[in-house]
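# Topology and contacts: notes
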Amino acid sequence: MKPGLHISALTALLSLTFAAAAQQQPQQTPQQPVPDAPTPQQATQPLTNAASGPIKPGGGAGTEQPAAGSSGSQDIQGPVPQQPTAQPPRSTLQPQDNQAPPVTMTPAEIGAAIRINVTYVEVPVTVKDSKGNEVPGLQWRDFKVYENNNYAPLKVFTTDSYPLSIAFVVDQSLPRDQMEQVNTSLGALQGALTPFDEIAVFTYGNGARNQSGGFTGAQSARVPYILSMTKSAGAEQLNPVNDGPFASCNIRENGNCIDPNLQAGKSAGSGYFMNIPKEIHTLNDAILAAAKELSSRPQGRRRIIYVISDGKESGSKAPYKQVLQYLQTNHILVYGTLVGEAARWGEGRLSRIHLPFTMYDNILVKYTLNTGGTLDSANGVNHIEKTYSDLAREARTRYTLVYASHEPLLDGKYRKIDVRVSRPNLDVTAPLGYYPAASDAATH
């Protein structure tokens with residue numbers, strides 16, 4: 001009986017062992033399947049991350065696998081970035097509809113943007129409809145910027161308001177009646193500005209004068225006093241007589257003409273014919289003096305020269321081309337309000353249309369057109385006061401486009417800018433070009 005019991009016990013022990021193994025087999029089944037070769041972890045990710053930038057040189061066109069250690073191998077590693085605006089697309093010669101949107105920055109951030117081996121160009125743009133009303137709500141996709149006929153993708157797009165640095169220039173050689181209207185309207189200028197703005201005041205007639213001695217807060221108590229210093233009696237408009245018995249000086253003292261320039265027989269001419277002195281309107285010198293003061297203003301502010309004049313220029317030491325180049329180098333916009341004879345129909349909003357044999361003596365039209373400013377015309381005190389608020393608001397709330405230039409950093413050559421809007425029947429006002437400056441290529 002003992003051998004039989006021993007065999008039975010052994011049989012029972014083996015049965016229990018096989019049963020336990022059978023119960024453990026299903027628990028190990030999910031861990032057993034292993035493929036012959038591991039599936040690549042990057043097979044489902046694109047070769048190029050369109051949200052973080054364009055294809056890098058050597059990175060391929062999105063279908064081939066780059067070699068190990070190549071410059072494009074970093075594009076397919078790691079998760080897809082969550083911020084598509086972190087790195088704008090590289091500049092190309094042709095516009096692309098699927099480019100990443102530009103970065104949205106405040107005016108202060110644009111002024112402190114990082115620029116390394118590239119020239120960032122800031123372009124303020126105003127868009128108006130056929131009736132002259134500003135068009136709001138445009139997006140970055142609606143704008144195309146071309147520099148020297150090469151497409152330049154936008155790096156920054158913003159509609160934020162800018163603080164203004166305004167150099168206000170008053171023409172004191174206006175006719176007496178027009179000067180009286182300007183004197184009355186000066187009290188409304190401060191109401192068109194905000195506490196974040198600053199202002200400097202210049203006047204000109206025969207030479208430019210800095211009335212404020214520099215910039216001051218637009219809402220400071222000094223501004224009304226400075227503006228009161230710009231008031232003038234104006235020029236007396238009399239019909240010139242240079243021939244006949246009335247050509248000689250009719251106001252004499254001790255037998256001599258009071259004005260030596262009109263002394264008969266001297267530089268003015270003979271007793272029967274007199275040379276009429278040429279009028280002096282040193283507008284170029286006044287704009288250059290204001291531009292020099294503006295060139296030192298910090299980044300993040302919009303530099304504006306606001307001129308109230310009839311646009312006449314005569315007797316300036318600075319030529320127009322040199323003054324315009326200085327404005328375009330320092331990114332200064334010229335705005336203006338035309339008064340007097342220049343305020344006739346067609347000189348304000350329609351002054352961009354050059355009519356033959358007209359407007360040749362109005363040089364203010366050229367300044368506003370080339371720098372991207374706006375020129376308006378006004379008759380009467382109320383109309384002049386309205387232009388102050390309208391032009392100041394327009395200068396503060398323009399669309400701001402920033403792109404990277406394709407041209408060398410400092411070659412000193414003029415660069416043409418062409419801003420286009422995809423929507424029809426809209427008028428675009430923007431600077432027509434600029435000259436590169438050392439401050440544009442500085443690294444901050």
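Now for a quick tour of the structure.

What counts as what
- Residues numbered from 1 in each chain as written.
- Predicted model: local features only at pLDDT ≥ 70, side-chain atom pairs only at ≥ 80, totals over all residues.
- Heavy atoms only, no water.
- Helix = DSSP H or I, 4+ residues; strand = E, 2+ residues; numbered from the N terminus.
- Buried < 20%, exposed > 50% of the residue type's maximum accessible area, 1.4 Å probe, protein only.
- Contact = heavy atoms within 4.5 Å.
- Areas by Shrake-Rupley, 256 points an atom, 1.4 Å probe, with all protein chains shown as cover.
- Salt bridge = Lys/Arg side-chain N within 4 Å of Asp/Glu carboxyl O.
- Arc of directions from axis to C-beta.
- Pairing = 2+ DSSP bridges.
- Axes fitted to C-alpha atoms, helices over the stretch in contact; angles between N-to-C directions.
- Parallel < 35°, antiparallel > 145°, perpendicular 65-115°, else oblique.
- Left-handed = near helix turned anticlockwise from the far one by under 90°.
- Nonpolar A, V, L, I, M, F, W, Y, C, P; charged D, E, K, R; others polar.
- Expected span 1.5 Å × (residues − 1).

Moving on to the overall build of the protein. Tallying secondary structure elements over the protein gives eight helices and 17 strands in all. The 444 residues of the protein split such that 43% are buried. Of all intrachain contacts in the protein linking residues separated by at least 6 positions in sequence, the fraction that spans at least 24 positions is 77%. Surface exposure of the protein reaches about 24400 Å², of which carbon and sulfur atoms provide 55%.

As a further point, take the side chain of Ser-314. With respect to the helices, strands and loops of the structure, Ser-314 is situated in the loop between strand 11 (302-309) and helix 6 (320-329). Judged by relative accessible area, Ser-314 falls into the buried class, the value being 10%. Residues within four places of Ser-314 in sequence aside, it is in contact with Lys-278, Glu-279, Ile-280, His-281 and Thr-282.

Below, the discussion takes up the pattern of salt bridges. By the definition in use, this model includes eleven salt bridges. Between Arg-297 and Glu-198 there is a salt bridge, with its nearest N and O atoms 2.7 Å apart. You can see Arg-297 sitting in the loop between helix 5 (283-294) and strand 11 and its partner Glu-198 sitting in strand 6 (residues 198-205), a full 99 residues away along the chain. We note a salt bridge from Asp-390 to Lys-386, for which the minimum N-O separation is 2.7 Å.

In this section: helix 3 (residues 176-185). Within the sequence span of helix 3, burial applies to Gln-178, Met-179, Val-182, Asn-183 and Ser-185. On an axial view of helix 3, the arc spanned by its buried residues comes to 165°, and they lie on one face. Contact partners of the buried residues in helix 3: strand 5 (164-171), strand 11 and helix 8 (381-396).

Before going further, it helps to spend a moment on the sheet that holds strand 3 (residues 150-151). Strand order in the open sheet formed by four strands is 3-2-15-17, with antiparallel pairing between adjacent strands. The sheet is open, and its two edges are formed by strand 3 and strand 17 (433-434), each paired on a single side. Note: strand 15 (residues 415-421) against strand 17, two bridges, orientation antiparallel. In the strand pairing of strand 17, Lys-416 is matched with Gly-433.

On to unusual backbone geometry. Although it is not a glycine, His-331 sits at a positive phi angle of roughly 55°. Not every positive phi belongs to a glycine, and Asn-425 is a case in point at roughly 60°. Position of Asn-425 among the secondary structure elements: in the loop between strand 15 and strand 16 (427-429).

Before going further, it helps to spend a moment on the sheet that holds strand 14 (residues 399-404). Taken in spatial order, the four strands line up as 4-14-1-16 in an open sheet, and their pairing is antiparallel. One side of each edge strand has no neighbouring strand; the edge strands of this open sheet are strand 4 (154-158) and strand 16. Mean inter-strand twist for the sheet, computed between neighbouring axes without regard to direction, equals 30°. Alignment of strand 4 against strand 14, held across four bridges, turns out to be antiparallel. Paired with Leu-154 across the two strands is Tyr-403, which belongs to strand 14.

What follows deals with the packing of helix 6 against helix 7 (residues 364-371). Where helix 6 meets helix 7, the closest approach of the two axes is 11 Å, and the angle between their N-to-C directions is 30°. Taken together, the axes of helix 6 and helix 7 lie roughly parallel to each other. The hand of the helix 6/helix 7 crossing is right-handed. Contacts between helix 6 and helix 7 involve Tyr-320, Val-323, Leu-324, Leu-327 and Gln-328 on the former and, on the latter, Lys-366, Tyr-367, Asn-370 and Thr-371. A breakdown of the residues in the contact of helix 6 with helix 7 according to their chemical character gives five nonpolar, three polar and one charged.

Turning to the side chain of Thr-230, a few remarks are in order. You can see Thr-230 is positioned in the loop between helix 4 (222-229) and strand 9 (252-253). Here Thr-230 falls in the buried class, since its relative accessible area comes to 0%. If we skip the residues at most four places from it in the chain, Thr-230 touches Val-170, Gln-172, Met-179, Asn-183, Leu-186, Val-201, Thr-203 and Gln-211.

Its twelve residues give helix 5 an end-to-end C-alpha distance of 16 Å, which sits within 8% of 16 Å, the value for a rise of 1.5 Å per residue. The buried fraction of helix 5 amounts to nine of the twelve residues, a majority that puts the element mostly inside the structure. When helix 5 is considered as a whole, its buried residues turn out to be Leu-283, Asn-284, Asp-285, Ala-286, Ile-287, Leu-288, Ala-290, Ala-291 and Leu-294.

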